[in-house]
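This is what each chain is made of:
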Amino acid sequence: DVKVTQSSRYLVKRTGEKVFLECVQDMDHENMFWYRQDPGLGLRLIYFSYDVKMKEKGDIPEGYSVSREKKERFSLILESASTNQTSMYLCASSQGTGGRYSNQPQHFGDGTRLSIL
Amino acid sequence: GENVEQHPSTLSVQEGDSAVIKCTYSDSASNYFPWYKQELGKRPQLIIDIRSNVGEKKDQRIAVTLNKTAKHFSLHITETQPEDSAVYFCAAKTGANNLFFGTGTRLTVIP
């Protein structure tokens, strides 16, 4: 069974802080993704990575960056947290060497509910 | 880019009845359509997916139909049970693009 683990379920930070959200998967998946989930908006892709040290912008990358130094770990970074980044953040991974062409199912973590005060 | 619309946003059914959730997509090149179920406080979980080379797929009480001409696909749940209560998300993907999600349907099954 695929296991995607996010480091925190709940996180409270202050405006202007640099925030790190960590995600680890144990299935040797090539592709990893960061989404944010907001009521009425569904899931929106922030960034994704289809290989170590590779990253691509999703639909809403502004204010975020990512890091993938190892295949199993994908980090989301809020450079200077703002209140409009209060949200649920979901990490996902999928198999497939096709990179962005891969149509393999995405497996999600439990999410991190981030509050920026 | 792709645009996925999902309806209804909320749906209540009596236990044992069927539930249908519909999604439309804009990009005719989309070729992969997964459905996710998210129970309260839990992760989204894939429940069924369909690729554009088939028109229908079934897994026990769950089925998905795809109409490529009309660019819409639907989730059908038969003999609903209280444990089917959750938020359901559809999604669509073209070959080179990201997975685009609908805004979700909150299904409530009334015992």
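Our structure's up above, just so we're on the same page.
So, how was this worked out
- Residues numbered from 1 in each chain as written.
- Chains lettered and ligands numbered in written order.
- Predicted model: local features only at pLDDT ≥ 70, side-chain atom pairs only at ≥ 80, totals over all residues.
- Heavy atoms only, no water.
- Helix = DSSP H or I, 4+ residues; strand = E, 2+ residues; numbered from the N terminus.
- Rg over C-alpha atoms; globule rule 2.2 N^0.38 Å.
- Buried < 20%, exposed > 50% of the residue type's maximum accessible area, 1.4 Å probe, protein only.
- Contact = heavy atoms within 4.5 Å.
- Core = buried A, V, L, I, M, F, W, Y, C linked by side-chain atoms within 4.5 Å.
- Polar contact = N/O pair within 3.5 Å; in protein donor to acceptor, adjacent residues only side chain to side chain.
- Salt bridge = Lys/Arg side-chain N within 4 Å of Asp/Glu carboxyl O.

Chemist: Before we go on, may I ask you to explain the overall build of chain A in this structure?
Modeler: Counting its regular elements, chain A contains 0 helices and 11 strands. When the helices and strands of chain A are placed in sequence order, the string is β-β-β-β-β-β-β-β-β-β-β. Whereas a compact globule of 117 residues would reach a radius of gyration of roughly 13 Å, chain A reaches 13 Å, a difference of no more than 12%. Expressed as a percentage of the 117 residues in chain A, the buried residues total 52%. Intrachain contacts of chain A at a sequence separation of at least 6 include 58% that bridge at least 24 residues.

Chemist: Explanation requested: the nonpolar core in the structure shown.
Modeler: One broad trend across soluble globular proteins is that nonpolar side chains are buried collectively. Formed by 25 residues in total, the largest nonpolar core has its most connected members in Trp-35, Phe-73, Leu-75, Tyr-88 and Leu-107 of chain B. Mapped by element, the contributors of at least two residues to this core are β2 (10-14), β3 (19-25), β4 (32-38), β5 (45-51), β7 (62-67), β8 (72-77), β9 (86-92) and β11 (105-110) of chain B. Non-local contacts of Tyr-88 of chain B, meaning those with residues more than four positions away in its chain, are made with Gln-6, Ile-21, Tyr-36, Lys-37, Ile-47, Leu-75, Ile-77, Gly-104, Thr-105 and Leu-107 of chain B. Membership of the second largest hydrophobic core comes to 20 residues, among which are Val-4, Cys-23, Tyr-64 and Leu-78 of chain A.

Chemist: Explanation requested: the environment of Ser-85 of chain B in the structure shown.
Modeler: Residue and element names in this part refer to chain B. Residue position: Ser-85 is located in the loop between β8 and β9. The exposure class of Ser-85 is partly exposed, given its relative accessible area of 27%. Counting along the chain gives 47 residues from Ser-85 to Gln-38, while the straight-line C-alpha distance between them is 9.1 Å. Once residues within four sequence positions are removed from consideration, Ser-85 is found in contact with Glu-39, Leu-107, Thr-108 and Val-109. A polar contact is formed between the side chain of Ser-85 and the backbone nitrogen of Val-109, at a distance of 2.9 Å.

Chemist: Teacher, can you tell me more about the pattern of salt bridges here?
Modeler: Any two side chains of opposite charge can pair, so long as their charged atoms come close to each other. Counting across every chain of the model gives 11 salt bridges over all chains. With its nearest N and O atoms 2.8 Å apart, the salt bridge here joins Arg-43 of chain B to Asp-110 of chain A. With Arg-43 of chain B in the loop between β4 and β5 and Asp-110 of chain A in the loop between β10 (107-108) and β11 (112-116), the pair connects residues from two separate chains. Note on Asp-110 of chain A: relative accessible area 29%, which makes it partly exposed. Residues participating in the shared-partner salt-bridge network are Asp-28, Glu-30 and Lys-71 of chain A.

Worth remembering: the numbers are spatial, not functional.
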